[in-house]
Structure formats: structure tokens, C-alpha cells
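# Structure at a glance
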Amino acid sequence: MEKQNINFDFVSFVKIAWSKRKLFIKVWIATVVVSSIWIFPQPRFYSCEVSLAPETNDMSNASGGLASLASNFGINLGNMASQDAIYPELYPDLFKSPDFIVSLFDIKITTKDKKISTDYYSYLKEYQRENPFAYPFIKLADMFADKESRPKKFNSFMLTKEQNKIKKKVEENITCMIDKKTSVVTIKVQDQDALVCAVLADSIKCRLQSFITEYRTKKARVDYEYYSKLCAESKATYEKARQLYGSYSDSNQDVFLASYKSKQEDLENDMQMKYNLYTAMNTRLEAAMAKVQESTPVFTTLKSASVPLKPAGPKRIIFIVVWLFLTTFGTIAYLFFREIKDK
């Protein structure tokens, strides 16, 4: 009997909803009109993706089998056997670093129609299209905002309010994702212009490679600069000793006194010692140079940047359909609770 009552109540409610079909039609028309007025003026944006596979330094080849087995369960052990403090899993966090975001401000961009050619910071600040319905609020905010001139160099340690606002825009426009199984890094960039979108994706990929390369080779480059300085000093010392020995030998060619010969041998020995030191430093310098080359990571580009042909959003039809669903559900809920209240 309870089941029959439930069925009866449900059928009764369907009949009530059908009797209110004009209400649903009015709600749908209003929803389509309002959502269209809001979504269609929204600026279109484009999306571009690049993918690359970074090289990892393994401390032991023996861990390869374990890492391969763990990858079958979605676990990556690469960072456990890596000598790097910044391994691929931390790249998304790197994209949130103020230093890295601020370094993107000076990227030179040109729009597809060639009308705008400037740096990325000025482009986000002055040339972004907005929804016309948002213009009054934007103008009102600009009236109370402090006017700031573009600095010659940005200080990521102390950003102004406007610079921090641009930084947040950049963070919203770029996304970094990492596949934990394969360590493939995917960089996704969104922008209102198709060419700017592709240029940014390629530039950010290059900036990421440069940042990781600089980090990986930092110690090796410091060692190289140190041995380069020592090599230059030892070479200068050796050349000075060689000139002193040559001058003394030329000035005393016909002298056969033992004291002169003894001093000549001392100068020759000193020159030979300085030459041996110079040779040793030169060998160290070559080894340091090879270490820099060995520490330089290799990135394999799996998917290059290309200018998108179609906008990625906003999805206008999907937006309207979602709002139609929500208003329909809200109208049904309203009729349901009103029916309960009446009873």
C-alpha cells in the first residue's frame, strides 16, 4: 500500500508540473535570455599545450626494476633515486613561485592581427578585453586605484598591488601538470589571442628548461669558474717565471761560475714547478668543463607549441544548458515544496 501511495503521489506531482508547463516555459525563456546576455559578450580565449620529458639523474641503476614495478601501481620512485632537489613532481609548485612568474613579465608578444606588440606585463595590464557589463565596475576600481608606472626591473620580493594583480592573472593563465607514471610535463597556456597563446607556451617551456638547467649545473659552473681563475693565475705565474729564467739565461751565456749556474738551475726548477702547477690546474679546468656538460639536463619535446585554430572557450551552449538544468531543477523543487506546504 505504501508503494502505491508513493506512485500515486509521484504521478500526482507530475500532473501538477504539467499543469504548470507555462511557468516552465517562462523560466526557460528567461534563463536563455539572461544567460545569453551574460555569456555571449564574454571574450573568447584560446588554449595551447606543450609536453616534454625531462631527463632524471639516477643514483643507482639497480632501482630501475623496482621503479618499473611501482609504476604499474601509479607510484613513481624516480625522485627517491634522484640527486636533484627539484624533480619533475615539483615543477607545478615551481610555477607558483613569484620568482618564476615575475620572470615571465618581460616576454615579448605580438598579437595575431599585428596590432599589439609589447611585453607580457603590459599586455595583461592594458590590452585585455573584458565583458562590457563589467566595464562600470572596472572603471570604478581604476578611479580609486593608485596609478603606477612600469618599473625597469621587477622585484619579486616586494611587488606592488598592481604587479601582484598581474601575477595572479599569469598564474590563472598557465597550468603545469605532471604524469606521475611517466614524468611527462604538460604546460597549458590560455590567452585571448591565438598567437600570444602559442608564443607564451613555447617561451614558458624554454624558461622552465633554462631554470632547471641553471639549477642542475650551478655547482659545476661554480667549480668551473673557480678552476678557471686558478688556471689563469697559475699561467700568469708560469709565464713570469719563464721570462725571468729566459732573461737570466740570455744575460749569462758566457759565464761559467758555479754560483751563476746554481741560480740558473734554481730558476729553471722554479719555472718547471710553476709549469706543473699550471698543467694540473688546466687539467682540473677541463674536468670541470666536462662536468658542466654532464650536468646539463636533456629535455625531449613530445608536443611542440602551435597556434590554435579554434577558441577553447567559453563554452556558450554548455553554459546555457547548465543554467537551464539548474533553473528547471529549482522550479521543480519550488513546486514540490509548495505542494507539500499546501497539503
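This write-up is about the structure you can find in this document. Note that the structure is predicted; figures quoted are calculated from it, not measured.

With five bridges connecting them, strand E4 (residues 174-178) and strand E5 (residues 185-191) associate as antiparallel partners. Pairing of Met 177 across the sheet is with Thr 186, part of E5. Between E4 and E5, which follow one another and run antiparallel, lie six residues, and Ser 183 among them has a positive phi close to 65°.

What follows covers a nonpolar patch on the surface. A surface patch of nonpolar side chains, amounting to about 770 Å² of accessible area, comprises Ile 25, Trp 28, Ile 29, Val 33, Val 34, Ile 37, Trp 38 and Phe 133. With respect to the element layout, Trp 38 can be found in helix H2 (residues 21-39). Judged by its relative accessible area of 42%, Trp 38 falls in the partly exposed class.

Attention shifts here to the sheet that holds E5. Overall, antiparallel pairing links the four strands, which are arranged E4-E5-E1-E6 in an open sheet. Two strands in the sheet have a free side with no partner beyond their single neighbour: E4 and strand E6 (299-303). Direction aside, neighbouring strands of the sheet carry axes that sit 25° apart on average. Taken together, the four bridges between strand E1 (residues 46-54) and E6 define a ladder with antiparallel strand orientation. Considered in E6, the bridge of Pro 54 is made with Phe 299. Packed onto the sheet, helix H8 (residues 161-173) meets E4 and E5 and runs at close to 45° relative to E4. Across the sheet, helix H9 (residues 194-216) is in contact with E1, E4, E5 and E6; its angle to E5 comes to roughly 145°.

Attention now goes to the nonpolar core. Core analysis: the biggest nonpolar cluster contains 37 residues, and Val 170 and Ile 187 have the highest contact counts within it. Per-element tally for this core: the top contributor is H9, with nine residues. If sequence neighbours within four positions are ignored, Ile 187 has contacts with Cys 48, Glu 49, Val 50, Leu 52, Phe 95, Thr 175, Ile 204, Lys 205 and Leu 208. Counting residues in each nonpolar core, the second largest holds twelve residues, with Tyr 238, Tyr 245, Tyr 248 and Met 281 among its members.

Taken across its seven residues, E5 has five buried, putting it largely inside the fold. Bridge count between E1 and E5: seven bridges; the pairing is antiparallel. Within E5, the residue paired with Leu 52 across the bridge is Val 185.

Turning next to unusual backbone geometry. For the bond from Gly 313 to Pro 314, the omega torsion is 0°, close enough to zero to count as cis. Tracing the backbone shows Pro 314 in the loop between E6 and helix H12 (316-342). Unusually for a residue other than glycine, Lys 114 sits at a positive phi of about 65°. Mapped onto the elements of the fold, Lys 114 is located in the loop between strand E2 (108-110) and strand E3 (117-119). Judged by its relative accessible area of 61%, Lys 114 falls in the exposed class. In the Ramachandran plot, Ser 183 falls in the positive-phi region, its phi being about 65° despite a non-glycine side chain. Since its relative accessible area comes to 11%, Ser 183 is described here as buried.

Following the criterion strictly, the structure yields zero disulfides and no others. No disulfide involves Cys 48; its sulfur sits 5.0 Å from that of Cys 197, the nearest cysteine. In this structure Cys 48 comes out as buried when scored by relative accessible area, which is 4%. Judged by its relative accessible area of 0%, Cys 197 falls in the buried class.

Each value, and the rule that gives it
Residues numbered from 1 in each chain as written. Predicted model: local features only at pLDDT ≥ 70, side-chain atom pairs only at ≥ 80, totals over all residues. Heavy atoms only, no water. Pairing = 2+ DSSP bridges. Helix = DSSP H or I, 4+ residues; strand = E, 2+ residues; numbered from the N terminus. Patch = residues over 30% accessible without salt bridge, like charges linked within 9 Å, V, L, I, M, F, W, Y side chains within 5 Å. Areas by Shrake-Rupley, 256 points an atom, 1.4 Å probe, with all protein chains shown as cover. Salt bridge = Lys/Arg side-chain N within 4 Å of Asp/Glu carboxyl O. Buried < 20%, exposed > 50% of the residue type's maximum accessible area, 1.4 Å probe, protein only. Axes fitted to C-alpha atoms, helices over the stretch in contact; angles between N-to-C directions. Contact = heavy atoms within 4.5 Å. Core = buried A, V, L, I, M, F, W, Y, C linked by side-chain atoms within 4.5 Å. Disulfide = S-S within 2.5 Å.

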